[in-house]
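# Coordinates in review
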Amino acid sequence: MKKAMSYLMILAIAGTTIFASAAPVLAEEEDGLYIAMVSKGFQHQFWQTAKAGAEDAAAKYGATISFNGPPSESDIDKQVDMLKSEVAKKPNAICLAALSTDAVMEQLQSCVDQGIPVIGFDSGVPNGPEGAVYATASTSNGAAAALAADELCKLDGYTDALAAATSDDPIVVGILVQDATSDSITSRTKGYIEEMKKLAGEVAQGSISVEGHELYNEEAEDPSVIIKVQVAASADVVDVTNAAKALLNTENLLSVFCSNEGSVTGFLAATSDGSDLAEGGKYDGLIVAGFDAGATQKAAVRNGWFVGSITQDPYNIGYQAVELAVKACNGEEVSDVDTGAKWYTAENIDDPEIAQLVYD
């Protein structure tokens, strides 16, 4: 097994032995690099898809990988034990999606001390010891949510509706948010707001106002378009459902973007499992988009109740993590990689390149 190590070069010159120290290098062995991957889970299709991407990258670069994760994302202690075991094997690199950075600080420091590069993937390893994490392969949540705004504005009649609105009769673009504390969700919310503001501003007669929560408010006088941010009191499904109901009672509501699977669940609960969005239903004509996947969200897309949803790309997350690890082992400079997102609809959900990304 190859591993990063420091060594002493012994030179015999004119009968004199000289010891020259060298920086960490990779010991050459026939079996190539060994990269240990420890994820936040294992059985879920998301992680299995990430594993498939990692295996393809390993095959490309002639590396060997292991891929392990605890039974659930609440099993922090089990993940710690997995990481301890991998560090003890002295791999060339470790790819880690930490359930709790605080819980693995000792192992991360050991990686620093041994010169083992750590690559974060998915949620990565936020606030790790200095020098431990070389780079992270993850979704740019802001860019992914901005993609939802882009796709909505491509729909027939969407920008026409924005352009026709006036300050006397403003139209509302809604976003349902599960909480105001999660970094990923706040990043998505901000990304969606900024992109929608830009696109609406290109066609709107009046100003664009952002209202609903102090974290995002940018209120404007006499708006013709109002971006209304509805944040649930907590992430509990009952609170998210109540927030969805409040948003649905808004006059002149053109569309709703649900920023994660939890907000989708609450929104569907508020619309009779989505049937109120069907033709002839209470909210027939409301344009709805989601984020993530899951069986109920996929059904809403297939049924046409959602015009589409954004999915992360777990295959690319796994692939890019291994590619970054290989580069770090070879002494190349690495930096964070946005692994991208995809827009899926009833038309493309079964396409092979999309189907592997929309997990249940």
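You'll find the structure just up there.
Quick summary incoming for the structure in this document. As the structure is a computational prediction, the values presented were derived from the model and not from experiment.

Criteria and thresholds
Each chain has its residues counted from 1, following the order in which its sequence is written. The predicted nature of this model means local features are confined to residues of pLDDT at least 70 and side-chain atom pairs, given and counted, to a pLDDT of 80 or more, with totals for whole chains, interfaces and linings taken over all residues. The side-chain numbers reported here are obtained from all heavy atoms of the structure, hydrogens and water having been left aside. Strands here mean DSSP runs of E at least two residues long; helices mean DSSP runs of H or I at least four residues long; both are numbered from the N terminus. Exposure is judged per residue with a 1.4 Å probe applied to protein chains only, and the accessible area is read against the type maximum: over 50% gives exposed, under 20% gives buried, and values in between give partly exposed. Any two residues having at least one pair of non-hydrogen atoms within 4.5 Å are treated as being in contact. Computed with a 1.4 Å probe, the accessible areas rest on the Shrake-Rupley method; for each residue, only the protein chains presented here act as cover. Here, a strand pair is defined by DSSP locating no fewer than two bridges between the strands. Place the viewer so that the strands point away; then a crossover is right-handed whenever the path from the first strand over the helix to the second strand goes clockwise. A fitted line through C-alpha atoms serves as each axis, taken over the contacting stretch for helices, and the angle formed by two N-to-C directions is quoted from 0 to 180°. Here, two cysteine sulfur atoms that lie within 2.5 Å of each other are counted as a disulfide. Aromatic pairs are defined between Phe, Tyr and Trp rings, using the six-membered ring for Trp, whenever the two ring centres lie within 6.5 Å; interplanar angles under 30 degrees are classed as stacked, those over 60 as edge-to-face, and all others as tilted. Either the NZ atom of lysine or the CZ atom of arginine qualifies as a charge over a ring when it sits within 6 Å of the ring centre and within 35 degrees of the ring normal. Starting at the helix axis, one direction is taken to each C-beta atom, and the arc is that of these directions. We define the nonpolar core as a collection of buried residues of types Ala, Val, Leu, Ile, Met, Phe, Trp, Tyr and Cys that are connected through side-chain atoms lying within 4.5 Å of one another. Expected span of a helix, by definition, is 1.5 Å for each gap between consecutive residues, and there is one gap fewer than residues.

## Some thoughts on the overall build of the protein
A count of helical and extended segments in the protein gives eleven helices and 17 strands. Across its three principal directions, the C-alpha atoms of the protein cover 95 × 40 × 35 Å. Classification of the 360 residues of the protein by burial places 51% in the buried group. Within the protein, contacts between residues separated by at least 24 positions form 65% of all contacts whose residues are at least 6 apart in sequence. Carbon together with sulfur atoms contributes 46% to the accessible area of the protein, which is approximately 16,000 Å² in total.

## Notes on the pairing of strand E15 (residues 308-312)
For E15, the buried fraction is high: five of the five residues fall into the buried class. Burial along E15 is two-sided: Gly 308, Ile 310 and Gln 312 facing one way and Ser 309 and Thr 311 facing the other are all buried. Alignment of strand E14 (residues 287-291) against E15, held across three bridges, turns out to be parallel. Bridged to Ala 289 within E15 is Gly 308. Remark: the E14/helix H9 (residues 295-302)/E15 crossover connection has right-handed handedness.

## Observations concerning the side chain of Glu 195
By the element assignment, Glu 195 lies in helix H6 (residues 183-201). Judged by relative accessible area, Glu 195 falls into the buried class, the value being 15%. Every residue in contact with Glu 195, bar those within four places of it in the chain, is listed here: Ala 146, Ala 149 and Asp 150.

## A word on unusual backbone geometry
The backbone of Asn 127 sits at a positive phi, close to 60°, despite the residue not being glycine. Position of Asn 127 relative to the elements: it lies in the loop between strand E8 (118-121) and strand E9 (133-138). Accessibility expressed as a relative area gives 71% for Asn 127, which makes it exposed. Positive phi outside glycine occurs at Asn 252, with the angle close to 60°. Within the fold, Asn 252 resides in the loop between helix H7 (237-248) and strand E13 (253-258).

## Some points on the sheet that holds strand E6 (residues 64-68)
Backbone-to-backbone hydrogen bonds pair the strands of a sheet. The strands run either parallel or antiparallel. Strand order in the open sheet formed by six strands is E6-E5-E7-E8-E9-E16, and the pairing between neighbours is parallel. Every interior strand has two partners, whereas the edge strands, E6 and strand E16 (337-338), have only one. Pairing between strand E5 (residues 34-38) and strand E7 (residues 93-96): four bridges, direction parallel. Note that in E7 the partner of Ile 35 across the bridge is Ala 93. Here helix H2 (residues 76-88) sits on the sheet and contacts E5, E6 and E7; the angle it forms with E5, its principal contact strand, is near 170°.

## So, the state of the cysteines
Applying the stated rule across the entire model yields zero disulfides. Not engaged in a disulfide, the cysteine Cys 95 finds its nearest cysteine sulfur in Cys 329; these two sulfurs lie 8.7 Å apart. Of the cysteine sulfurs around Cys 258, a residue in no disulfide, the closest is that of Cys 153, at 17 Å. Classification of Cys 258 by relative accessible area gives buried; the value is 0%.

## Remarks on the packing of aromatic side chains
Per the counting criterion, the structure on display carries eight aromatic pairs. It is Arg 188 that lies over the ring of Phe 291; its NZ or CZ is 3.8 Å from the centre.

## A look at helix H3 (residues 105-114)
Buried within H3 are the following residues: Gln 107, Leu 108 and Cys 111. With its buried residues spanning 100° around the axis, H3 presents them on a single face. More than 90 degrees from the buried face of H3, the exposed residues found are Glu 106 and Asp 113. Downstream of H3 by one or two residues, Gly 115 has phi in the positive range, about 75°.

## Quick word on the sheet that holds E13
One open sheet holds the seven strands; their spatial order is E11-E12-E10-E13-E14-E15-E17, and the pairing between them is mixed. Of all the strands in the sheet, just strand E11 (207-211) and strand E17 (341-344) have a single pairing partner and so form its edges. On average, each strand axis in the sheet is inclined to that of its neighbour by 15°, with strand direction left out of account. Those strands touched by H6 are strand E10 (171-177), E11, strand E12 (223-231), E13, E14 and E15, and its axis lies near 165° from that of E10.

## Digging into the nonpolar core
Counting 59 residues, the largest nonpolar core has Ile 35, Met 37 and Phe 267 as its most contacted members. The element best represented in this core is helix H10 (residues 314-329), accounting for nine residues. Judged by nonpolar contacts, the second largest core, of 35 residues, contains Ala 145, Ala 149, Leu 199 and Ile 287.

## Considering H10
Between its first and last C-alpha, H10 extends 23 Å over 16 residues, near the 22 Å set by a 1.5 Å rise per residue. In terms of burial, H10 is a largely internal element, 14 of the 16 residues being buried. In the segment just after H10, Gly 331 is the residue with positive phi, at about 80°.

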